[in-house]
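Now for the letters of each chain:
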4 protein chains.
Amino acid sequence: MKIGILTSGGDCPGLNAVIRGVVLKGTTTYGLEFVGIRDGWRGVVDADFFPLTRHEVKGLSKVGGTILGTSRTNPYEGPRGGAENIAKNLERHGIDGIIAIGGEGTLAAAKRLYDDGINVLGVPKTIDNDLRATDYSFGFDTAVNIATDAMDRLRTTGDSHQRCMVAEVMGRHVGWIALHSGMASGAHVICIPEVPMTIDEICTLVTSAYDRGRAPLVVVSEGFTLTGMEEAYSDKGLDAFNRPRLGGISEVLAPEIERITGIETRSTVLGHIQRGGSPSGFDRVLATRLGLHASDAIVDLAWGQMVAMRGTDIVRVPFAEALGELNTVPLSRYEEAAALFG
Amino acid sequence: MKIGILTSGGDCPGLNAVIRGVVLKGTTTYGLEFVGIRDGWRGVVDADFFPLTRHEVKGLSKVGGTILGTSRTNPYEGPRGGAENIAKNLERHGIDGIIAIGGEGTLAAAKRLYDDGINVLGVPKTIDNDLRATDYSFGFDTAVNIATDAMDRLRTTGDSHQRCMVAEVMGRHVGWIALHSGMASGAHVICIPEVPMTIDEICTLVTSAYDRGRAPLVVVSEGFTLTGMEEAYSDKGLDAFNRPRLGGISEVLAPEIERITGIETRSTVLGHIQRGGSPSGFDRVLATRLGLHASDAIVDLAWGQMVAMRGTDIVRVPFAEALGELNTVPLSRYEEAAALFG
Amino acid sequence: MKIGILTSGGDCPGLNAVIRGVVLKGTTTYGLEFVGIRDGWRGVVDADFFPLTRHEVKGLSKVGGTILGTSRTNPYEGPRGGAENIAKNLERHGIDGIIAIGGEGTLAAAKRLYDDGINVLGVPKTIDNDLRATDYSFGFDTAVNIATDAMDRLRTTGDSHQRCMVAEVMGRHVGWIALHSGMASGAHVICIPEVPMTIDEICTLVTSAYDRGRAPLVVVSEGFTLTGMEEAYSDKGLDAFNRPRLGGISEVLAPEIERITGIETRSTVLGHIQRGGSPSGFDRVLATRLGLHASDAIVDLAWGQMVAMRGTDIVRVPFAEALGELNTVPLSRYEEAAALFG
Amino acid sequence: MKIGILTSGGDCPGLNAVIRGVVLKGTTTYGLEFVGIRDGWRGVVDADFFPLTRHEVKGLSKVGGTILGTSRTNPYEGPRGGAENIAKNLERHGIDGIIAIGGEGTLAAAKRLYDDGINVLGVPKTIDNDLRATDYSFGFDTAVNIATDAMDRLRTTGDSHQRCMVAEVMGRHVGWIALHSGMASGAHVICIPEVPMTIDEICTLVTSAYDRGRAPLVVVSEGFTLTGMEEAYSDKGLDAFNRPRLGGISEVLAPEIERITGIETRSTVLGHIQRGGSPSGFDRVLATRLGLHASDAIVDLAWGQMVAMRGTDIVRVPFAEALGELNTVPLSRYEEAAALFG
């Protein structure tokens, strides 16, 4: 069998470890042949393939990024897109199936292609930890470590200057990175998309920490929306158009916190450093195991499924079950963390 | 209620985060009072207690070691030991129960004290990941990260000199640290206590990697025993007395690998650096959550149990179920990793 | 003798190591007595002093921030400011002299106080490396390491997505952090305050790197000004008022680079994480040595001077020589680095 | 001109950054042609050359080890060795000169070859910082950071168990790594080859730290020799033959300290992890600059010299001046650090 591998969507530490795991086990144990697909679904649509042997994957478990490149191309768009064209491309190159490593969008496309008759196996990739079918996916642990390390640094500055520090982390729809890095670094407030808060609630916690002699640390997901923010803006004569001009949510929060509490406040947007670089030990092991099990699944012809982590096991989950609702932070987990706030 | 907290056995990153989690939630949510017990069971026996308020635990989530001190004292030994004496000590100081943070030995003592009528709650601590009742315990992830980082470094030296590098990691009875750090760093051989190997099996894998142009990396648990080693020693006219003089198992393996394969080989014993220092994000979150749930369990009077991680949840497990067999590496997990060796 | 110590201006890794070095040597070798002065010159003006013994400074060599607190107070401002009031404060508390750890502004104030008859010794502190009297000061090496590590991470994302990444680092008036971290991480363009560049010059280098198959990395000091930027803005109908609203210089550069080159471009502002946290080995050694020599200088009554690094030696430099011109990046050093751009 | 590059002697972080610096500047600025020489002088003797273009050196500034391989071959040994044979090899392959990156031994060979008429330029490489001609060489800063990080970890274990920790670092003939990492981590005793100490002197410092409530940290260079050790051994009925069997010097010190002071003591040999892996920012900048200046020196035909760091400048030093005496730790620097011991 000849199998194509692609990585799609945002960069994530561990992608290369998955690729290595698939190829090493597939070639040495099962005698499979692999081709790399360049830049996600774009390479499928454009038939941009290249041979992928164990030589190409050597030493990759520790290397960040993806040697295959990635893109946000939708395989159903464009003149060369669609299941029929893709099936022809694969047939012409003798490719029997595809391993698609990606997040919610990638896997939804994978499911649709599978439903349209193409052999696709999924590997979940989400730095935000927003996929419900897997306990964790690789990249999340690395991101939490990077964010935690950054906050350890911010705290010393906060302490020295008796300032409030606001740190904005990734998480457009779910607050896992904020929850874990905030818990790990001893944040006094954690603001996540799942839990609405007003600026006054935040300021009460900030002031309480300050009054106990601490330099308040506020950790906020990029996707957090302040309750009443629209109104606050219109009160200040600013409209929706102005808002993105002010930058991320942390850059909205910091001046408001300073204004209301009177405590000098600074914001930092961690940004892209959270998703690059060498993966943590946890992520390397998880990604490698997902890759190894993806090779097993290929041999079992388990198309239309994805490999996933449950407890300490790697299992298979049908696409139909895996997708749909996002893995949001349950209120119980937020309240657990909130017991540390005040 | 007034609760004593102790840490017992070897140092482990995350101990302070547990203490902080217990005390913060216990004081602010439940109004509990805490005392620190110095140096594990020794402090119980000697009634060496001191007040532990939220002030003492501030900033501790990132701090390695234990502010309580630790020892390997057995609470049933010595003239002041035994359940009766301990019960009197606790009563005299108005202590209603003890949270014991420790490994197999500590928890066995905790169980015995509980069976003898003392209120004890356990928190599992094992850097080796050898406790069956919890999916993971804090400290293990940090140790894997440290070992993985060290092996990334060893590999560049191996590659530059075309040498075989042997790295010895912790794991007296179980091979989890070797398995995970070996998998994470792309080891060509992993030797763990659970899986017997002969020197010839090891050398075959070393030579195979070398012949593919790689600098072989051998990761070995300190508790690994080479099959046929006794005989090998007597062949060389060495007796049992000499063996410990040669240092750890890696220092036995390295010269043998060099002799048999002809490949220059160096060994490194990672040693104590694996168990010290600031915990990883994963371990800080896990340890903090165990601490928070320990406070809940105290309020529920869930004595005779320990808090543990199952999947992504924190649960309670009775001592009777938690102890006994060690959490060894299952053969399936070893074989999974071994698919990467050759 | 009784000596006060203060830290003033922005947080910087190594401040605590200086304090520890001063106090340990001063107490054990010379029998000096120390008081900590809270929050820089504010504490001098407000007579906010506390005893500083070797107990207070234990374990501080690795701790980021400053246990003394810091502020940007000018000792000559306010009703309680000025040399006369300060002299009275010091006399009333029996303080014979002050060690002031700070940057250009702090040291200028120190010089003025010294000229007005107060015993002051300076220790240079500049994360930007902008002081001419010392080869390096502590904090700079740590900042370069943090920035370099961040860029290693950004590069994997750039490579995976074939994007141009723009990283903004500290450096308001001098480009040392950009120069060193850019050189260390293999940047394709480095933009510093000392060297004017047009957007077209930058884009030529970006395109050239891209055409060689690299994901271009642009490192820019916060203080860099684009030649012709004013004109560019007015061409787009934006005025000076809008500019700060767009955030840092990297947030100006990134969309311009994308627009001109057609290469997808993302920016990251490293911000406060560059100045917090545990110091590097180099900075701990340098800071500790400056502290030790500051104690020696006190005993020699070398008031009106600062300790500084020259080659591998610690020397003394009179305030009069130390201040004035900033330590800008010489053109030769920039051209040296620019040989790597294309 | 066609230039060969070799790396010789022990692995050292920054070797690849030098190679990259030489090749990038040499090709783009000067139009030089380069060949890589495999495994140090062995490749010169065996004429083991391969083309080295800017493509081969891309991304190397952060990569540990050396892409050229290294060995400890002496170019004057063996049937194909000697200046005459080497000159023929170079001529046959059209190689006009050699850049030799290495330590004292490598540079001594380089000097002899230069004296025998071969064009050689040196780049100093010494992780131990034992070369007198350069203020620092690359690799040393990285080693100090790794050792310092390890000691931060050891200290938490020492503190938790109230143990004395003995850490053995590299440094066969000079104590720079011990001096700097010991100073950086707040060691209570530093033992270096340059300064003789008796076990009683060490134990006095250990006990003094312990009595102040500290967990004593002893940092020792591998090349340190205990005054009176021979006698101590013969007192215990051990002979010289037994000594190496006991492992490194730390493994000699630890049990003696424990025996004499009664304080539980553990030793750790940091070993090979100190010389591998990604270089620090400082080392990347220094190594890159040495590489850039080596290219300049080639164009200037500055054969028989080495590039070196003096203050913040890169200079040229004739071999004749560069070699000979090692760069030992001056007593003044040791005494400076010793002020922190007690």
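Residues numbered from 1 in each chain as written. Chains lettered and ligands numbered in written order. Predicted model: local features only at pLDDT ≥ 70, side-chain atom pairs only at ≥ 80, totals over all residues. Heavy atoms only, no water.

Asker: Now, about the interface of chain D and chain C: what can you tell me, with residues and values included?
Answerer: Facing 41 residues of chain D, the contacting portion of chain C comprises 41 residues. Between chain D and chain C the total buried area reaches about 3,500 Å² when both faces are included, carbon and sulfur atoms providing 54% of it. For chain D, the biggest contributors to the area lost against chain C are D:Val285, D:Glu336 and D:Leu340; these three give 14% of the whole. The interface formed by chain D and chain C contains four salt bridges. Those elements giving two or more residues to the side of chain D that touches chain C turn out to be helix H1 (15–28), helix H5 (140–161), helix H6 (176–185), helix H11 (281–299) and helix H13 (331–338) of chain D. Here the element with the most residues in the side of chain D that touches chain C is H11(D); it accounts for eight residues. Residues belonging to the side of chain D that touches chain C are distributed by class as follows: ten nonpolar, 17 polar and 14 charged. (Contact = heavy atoms within 4.5 Å. Buried area = accessible area lost by both parts, 1.4 Å probe. Salt bridge = Lys/Arg side-chain N within 4 Å of Asp/Glu carboxyl O. Helix = DSSP H or I, 4+ residues; strand = E, 2+ residues; numbered from the N terminus. Nonpolar A, V, L, I, M, F, W, Y, C, P; charged D, E, K, R; others polar.)

Asker: So what about the interface of chain B and chain A? Which residues, and what values?
Answerer: Contact residues are listed per partner, giving 41 residues for chain B and 41 residues for chain A. With both chains or domains summed, chain B and chain A bury close to 3,500 Å², and 54% of this area falls on carbon and sulfur atoms. When the buried surface of chain B facing chain A is broken down by residue, B:Val285, B:Glu336 and B:Leu340 rank first, second and third, together holding 14% of it. Linking chain B with chain A are four salt bridges. Counting the contacts that link chain B with chain A gives twelve residue pairs in polar contact (both at pLDDT 80 or more). Within the residue set of the side of chain B that touches chain A, elements represented by two or more residues are helix H1 (15–28), helix H5 (140–161), helix H6 (176–185), helix H11 (281–299) and helix H13 (331–338) of chain B. Looking at which element gives the most residues to the side of chain B that touches chain A, the answer is H11(B), with eight residues. (Polar contact = N/O pair within 3.5 Å; in protein donor to acceptor, adjacent residues only side chain to side chain.)

Asker: Explain the UniProt feature "binding site: ATP" (unreviewed entry) in chain A to me, using residue names and the numbers behind them.
Answerer: UniProt records the feature "binding site: ATP" (unreviewed entry) for A:Gly10, A:Arg72, A:Thr73, A:Gly103, A:Glu104, A:Gly105 and A:Thr106 in the present numbering. Spanning 97 residues, the annotated positions come together in the fold, the maximum distance between their C-alpha atoms being 13.5 Å. Mapped onto the elements of the fold, A:Gly10 is located in the loop between strand S1 (2–7) and helix H1 (15–28). When residues no more than four places from it in sequence are discounted, the contact partners of A:Gly10 are A:Leu15, A:Arg72, A:Lys125, A:Arg275 and C:His161. By the secondary structure assignment, A:Thr106 is in helix H4 (residues 104–115). Residue A:Thr106 is classed as buried on the basis of its relative accessible area, which comes to 6%. (UniProt positions renumbered as here; feature names shortened; annotations may be inferred. Buried < 20%, exposed > 50% of the residue type's maximum accessible area, 1.4 Å probe, protein only.)

Asker: Break down the relation of the copies chain D and chain C for me, with residues and values.
Answerer: One copy of the chain maps onto the second through a rotation about an axis and a displacement along it. Of the transformation superimposing chain D on chain C, the axial component is 0.0 Å and the angular component is 180°, with the fit at an RMSD of 0.0 Å. Taken together, these values place the two copies in the relation of a two-fold axis. No C-alpha of chain D lies nearer the rotation axis than that of D:Gly311, which sits 2.0 Å from it. (Least-squares fit on C-alpha atoms with pLDDT ≥ 70 in both.)

Asker: Residues and numbers for the domain arrangement of chain A, please.
Answerer: Quite often, the size of an interface is put as the accessible area lost when its parts meet. All names here are of chain A. For chain A, the assigned domains read domain 1 (2–139 + 279–322) and domain 2 (140–276). Averaged C-alpha coordinates put domain 1 and domain 2 at centres separated by 35 Å. Taken residue by residue, the interface counts 17 residues in domain 1 and 15 residues in domain 2. Summing the contributions of domain 1 and of domain 2, the shared interface buries around 1,200 Å²; its carbon and sulfur component is 53%. Of all residues in domain 1, Ile127, Asp128 and Asn129 bury the most surface against domain 2, accounting for 41% of the area lost on that side. Inspection of the domain 1/domain 2 interface yields zero salt bridges. Remark: the boundary between domain 1 and domain 2 carries nine residue pairs in polar contact (both at pLDDT 80 or more). (Domains from an automatic or database assignment.)

Asker: Summarise the packing of helix H7 (residues 199–211) of chain D against helix H10 (residues 249–261) of chain D; cite the residues concerned and give the values.
Answerer: All names here are of chain D. Put simply, H7 and H10 touch, their axes get as near as 10 Å, and they point 65° apart. Considering the angle they form, H7 stands roughly perpendicular to H10. Note that H7 runs across H10; the crossing there is right-handed. Of the residues in H10, those in contact with Ile199, Asp200, Ile202, Cys203, Val206 and Thr207 of H7 are Leu253, Glu256, Ile257, Ile260 and Thr261. (Axes fitted to C-alpha atoms, helices over the stretch in contact; angles between N-to-C directions. Parallel < 35°, antiparallel > 145°, perpendicular 65-115°, else oblique. Left-handed = near helix turned anticlockwise from the far one by under 90°.)

Asker: Explain the sheet that holds strand S11 (residues 265–269) of chain A to me, and be specific about the residues and the numbers.
Answerer: Note on sheets: strands pair through backbone hydrogen bonds, and any given pair is parallel or antiparallel. Residue and element names in this part refer to chain A. Reading across the sheet, the four strands line up as S7-S9-S6-S11 and stay open at both edges, with parallel pairing between neighbours. The sheet terminates laterally at strand S7 (189–191) and S11, the two strands that pair on one side only. Neighbour-to-neighbour, the strand axes of this sheet turn through a mean angle of 15°, independent of strand direction. In this structure, strand S6 (residues 164–169) lies alongside strand S9 (residues 217–221), joined through five bridges in parallel fashion. If you follow Glu168 over to S9, its bridge partner there is Val220. (Pairing = 2+ DSSP bridges.)

Asker: Which residues make up the relation of the copies chain B and chain A, and what values do they have?
Answerer: Expressed as a screw operation, the relation of chain B to chain A combines 0.0 Å of axial shift with a rotation of 180°, fitting to an RMSD of 0.0 Å. In this assembly, 100% of the residues forming the interface of chain B have copies in chain A that are likewise at the interface, indicating an isologous arrangement.

Asker: Report on the confidence of the model for chain A, specifying residues and quantitative values.
Answerer: Interpretation of this model should avoid reading the predicted coordinates in detail wherever pLDDT is low. Residue and element names in this part refer to chain A. For chain A, the mean per-residue pLDDT works out to 94, and 95% of the residues sit at or above 70. This stretch, residues 240–246, has a pLDDT under 50; its non-local contacts, to residues over four places away or in other chains, come to twelve contacts. Both scores are available for the predicted complex, with the pTM at 0.96 and the ipTM at 0.95. (pLDDT = per-residue confidence, 0-100.)

Asker: Could you give an account of the UniProt feature "active site" (unreviewed entry) in chain A, with specific residues and numbers?
Answerer: All names here are of chain A. In the numbering used here, UniProt assigns the "active site" (unreviewed entry) feature to Asp128. Locating Asp128 in the fold gives a position in the loop between strand S5 (120–124) and helix H5 (140–161). Given the relative accessible area of 14%, Asp128 is considered buried. Dropping the residues within four chain positions of it, Asp128 is found in contact with Phe140, Met170, Gly171, Arg172, Val174, Trp176 and Ile177.

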